[in-house]
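# Close look at the chain arrangement
This is what each chain is made of:
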Amino acid sequence: MQKSGRFFGAVFVLLVLGCFSHVSARELKFITLETAPWASFEPGSDRPIGAFPEIVRELERRSGHPIEISLRPFARINQDLESGDQDCTIILWSESRASIVEKGAEVYQMPFGVIAQKGVTLSSYDDLKPLTISLLRGLKITQEFDSDTSLQKEYDKDYQIGLLKIAHQRLDAIAGAIPTIFYMAKQENYPDLLGDYLVMKKIPIVLQCSKKSPNLDVMQELNKVIQTMDEDGTLTRLLNDNSYFNQ
């Protein structure tokens with residue numbers, strides 16, 4: 001009888017814990033920018049692929065909170081976070097977003113700078129002087145680079161145009177998010193187009209949750225899960241698998 005009582009007592013505890021676990025689980029909405037290799041749709045499908053979906057799926061598995069993923073244009077991200085229609089995002093941090101989100105755990109330090117065509121030496125800022133460099137309109141690299149009128153800059157609407165110009169020997173280098181540019185060169189079938197690169201700054205990619213989210217109270221739990229993923233090497237593995245390399 002005593003053993004039987006212990007057994008049923010243990011079952012009761014497990015059932016109670018299961019109920020609390022079920023009650024505490026929240027259905028969360030995560031939004032981010034649609035740009036490979038961070039996040040994009042699988043060809044011929046609406047299934048998100050890339051570093052962000054893989055990180056979020058692991059976050060979902062470890063936290064127990066179901067997470068719905070949305071990929072949207074940049075302007076829509078701020079709009080949905082400000083209204084609370086989306087709970088969280090994981091994107092580059094910007095102080096301009098500080099009024100609408102809480103800043104959370106860091107996921108990656110995104111390197112920005114200049115990548116030269118293979119065979120062109122690029123090891124210091126002075127090496128930029130003789131180069132013609134493709135730069136996205138509106139993109140800021142560093143104050144020195146942005147204000148340097150001695151540099152030969154060509155303003156383009158996307159990285160593909162810059163890569164095409166390099167492939168046709170029309171310029172020497174391209175500025176921007178270094179992992180993204182290397183990934184796009186491979187996607188555009190230019191695997192051997194680029195060589196030396198110069199990192200000029202890093203911007204953290206971090207968890208950011210809307211201040212109007214009804215689920216803001218779970219953010220600390222999500223932060224701890226991300227920190228654990230960092231400590232056990234999971235973040236590094238998922239990022240490396242999706243072309244984000246360590247500096």
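Residues numbered from 1 in each chain as written. Predicted model: local features only at pLDDT ≥ 70, side-chain atom pairs only at ≥ 80, totals over all residues. Heavy atoms only, no water.

With that settled, the discussion passes to the overall build of the protein. Within the protein, the regular secondary structure consists of 8 helices and 10 strands. Against the globule reference of 18 Å for 247 residues, the protein gives a C-alpha radius of gyration of 22 Å, more extended than a compact globule. Its C-alpha atoms give the protein principal-axis dimensions of about 85 × 35 × 35 Å. Taken over 247 residues, the protein has a buried fraction of 45%. (Helix = DSSP H or I, 4+ residues; strand = E, 2+ residues; numbered from the N terminus. Rg over C-alpha atoms; globule rule 2.2 N^0.38 Å. Buried < 20%, exposed > 50% of the residue type's maximum accessible area, 1.4 Å probe, protein only.)

Glancing now at the sheet that holds strand β7 (residues 132-136). Read across the open sheet, the 8 strands follow the order β4-β1-β5-β10-β6-β9-β7-β8; overall the sheet is mixed. Edge strands, defined here as strands with exactly one partner in the open sheet, are β4 (67-72) and β8 (152-156). Strand-to-strand twist across the sheet, computed as the mean angle between neighbouring axes with direction ignored, equals 20°. The pairing of β7 with β8 spans 5 bridges and is parallel. (Pairing = 2+ DSSP bridges. Axes fitted to C-alpha atoms, helices over the stretch in contact; angles between N-to-C directions.)

On to the packing of aromatic side chains, then. On inspection of all chains with the given rule, the structure shows 6 aromatic pairs. Seen in terms of ring centroids, Trp38 and Phe52 are 5.9 Å apart; in terms of plane orientation they differ by 45°. Their pairing is tilted. Of the two residues, Trp38 sits in the loop between β1 (28-33) and β2 (40-41) while Phe52 sits in helix α2 (residues 51-63), which places them 14 residues apart along the sequence. For the pair shown, Trp38 and Phe52 are each scored as buried. Arranged with centres 6.0 Å apart and planes meeting at 50°, the rings of Tyr197 and Phe245 form a pair that is tilted. Highlighted residues: Tyr197 in strand β10 (residues 194-210) and Phe245 in the segment after α8 (234-241), separated in sequence by 48 residues. On the basis of relative accessibility, which here comes to 34%, the residue Tyr197 falls in the partly exposed class. Overall, the relative accessible area of 22% leaves Phe245 in the partly exposed class. Members of the aromatic cluster, each reached through a chain of ring pairs, are Trp38, Phe52, Tyr108 and Tyr244. The ring centre of Phe112 lies 5.8 Å from the NZ or CZ of Lys201, which sits over that ring. (Phe/Tyr/Trp six-rings, centres within 6.5 Å; stacked < 30°, edge-to-face > 60°. Lys NZ or Arg CZ within 6 Å of the ring centre and 35° of its normal.)

In the predicted model, the protein carries a mean pLDDT of 91, and the fraction of residues at 70 or more is 90%. Counting interchain partners and residues more than four positions distant, the pLDDT-below-50 stretch residues 7-23 has 0 contacts. (pLDDT = per-residue confidence, 0-100. Contact = heavy atoms within 4.5 Å.)

Our next topic: the side chain of Ser40. Tracing the chain through its elements places Ser40 in strand β2. Beyond its immediate stretch of four places on either side in the chain, Ser40 contacts Glu34, Arg47, Pro48, Ile49 and Leu71.

On to the nonpolar core, then. A general trend in soluble globular proteins is that nonpolar side chains are found buried together. Membership of the largest hydrophobic core comes to 56 residues, with the highest contact counts inside it found for Phe30, Trp38, Ile55, Ile90, Val107, Leu194 and Leu207. By residue number, the principal contributor to this core is strand β6 (residues 101-117), which donates 7 residues. Beyond its immediate sequence surroundings of up to four residues, Leu207 is in contact with Phe30, Cys88, Thr89, Ile90, Glu102, Lys103, Gly104, Ala105, Met219, Leu222, Asn223 and Ile226. Counting 15 residues, the second-largest nonpolar core is a separate cluster that includes Leu122, Leu128, Ala173 and Met200. (Core = buried A, V, L, I, M, F, W, Y, C linked by side-chain atoms within 4.5 Å.)

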